[in-house]
Amino acid sequence: MPAATVSRADNRYLTAIFIVGTVEDCRAETGAVAAELDVSPSTVTERFRDLAARDLVDYERYQGATLTDRGERIARTLAWKRCLAHHFSADELDLPADTADELGGALSADAAAALREHIDHPCEGGCRAPAVRLPECRVYSTASR
């Protein structure tokens, strides 16, 4: 499933699972994702089931969710784009964080690459991506060598 067919809401959940689960190296529990997104646990459970049906997460009741390979690729790309958008908006546009999140989610791969060329390296670890996880990121890709 290409990233373009993933909804904005899906993007939020995949990114939250990435932050809560992948970064912490554990299953993303329903309550932790609910807290990250400020939604109810029942909403998270419903979304986990939907994402699992589309092979974006592996979900086990009472255990939480982990990203599938496909889900993790999408989440990593989203994290990178959000990081670019946050740094660009903070440095150049003075936009609120939620607007920067929307901007990051809307960037195409080409737009993200072009934006990357117009800003100093954005990543200082604020996106909470673990080392070696985002090959696009100079900080992490050079740290892994």
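Each remark here, short or long, concerns the structure printed above.
Quick caveat, the model's predicted, so the values are computed rather than measured.

A. Summary view of the pattern of salt bridges. This model, assessed by the stated rule, comprises 5 salt bridges. Here R54 and D10 are joined by a salt bridge, their closest N and O atoms 2.8 Å apart. Note that R54 is positioned in the loop between α3 (41–53) and β1 (57–60) and D10 in helix α1 (residues 8–22), a separation of 44 residues in sequence. Here R54 ties to D50 by a salt bridge, and the two come within 2.8 Å at their closest N and O atoms.

B. Seen up close, the side chain of T15. You can see T15 is positioned in helix α1. Within the structure, T15 has its side chain in polar contact with the backbone oxygen of N11 (distance 2.8 Å). Contact partners of T15, with chain neighbours within four places excluded, come to L78 and R82.

C. The side chain of T68, seen in detail. Along the chain, T68 falls in the loop between β2 (64–67) and α4 (69–93). Separated by 2.8 Å, the side chain of T68 and the backbone oxygen of D55 make a polar contact. Not counting residues within four places of it along the chain, the set of residues in contact with T68 comprises D55, L56, V57 and D58.

D. Here's a closer look at the packing of helix α2 (residues 30–37) against α3. Contact geometry of α2 with α3 gives a least axis separation of 8 Å together with a crossing angle of 110°. The angle between α2 and α3 places the two elements in the roughly perpendicular class. Here T30, V33 and A34 of α2 lie close against α3, whose contacting residues are P41, V44, T45 and F48. Looking at the contact of α2 with α3 residue by residue, the class counts come to 5 nonpolar, 2 polar and no charged.

E. Quick look at the pairing of β2. Sheet topology note: the β1/β2 ladder contains 4 bridges and is antiparallel. Bridge pairing in β2 places V57 opposite L67. Joining the antiparallel neighbours β1 and β2 is a turn of 3 residues, in which Y62 adopts a positive phi near 70°.

Parameters at a glance
Residues numbered from 1 in each chain as written. Predicted model: local features only at pLDDT ≥ 70, side-chain atom pairs only at ≥ 80, totals over all residues. Heavy atoms only, no water. Salt bridge = Lys/Arg side-chain N within 4 Å of Asp/Glu carboxyl O. Helix = DSSP H or I, 4+ residues; strand = E, 2+ residues; numbered from the N terminus. Polar contact = N/O pair within 3.5 Å; in protein donor to acceptor, adjacent residues only side chain to side chain. Contact = heavy atoms within 4.5 Å. Axes fitted to C-alpha atoms, helices over the stretch in contact; angles between N-to-C directions. Parallel < 35°, antiparallel > 145°, perpendicular 65-115°, else oblique. Nonpolar A, V, L, I, M, F, W, Y, C, P; charged D, E, K, R; others polar. Pairing = 2+ DSSP bridges.

Don't take any of this as a statement about function, it's just geometry.
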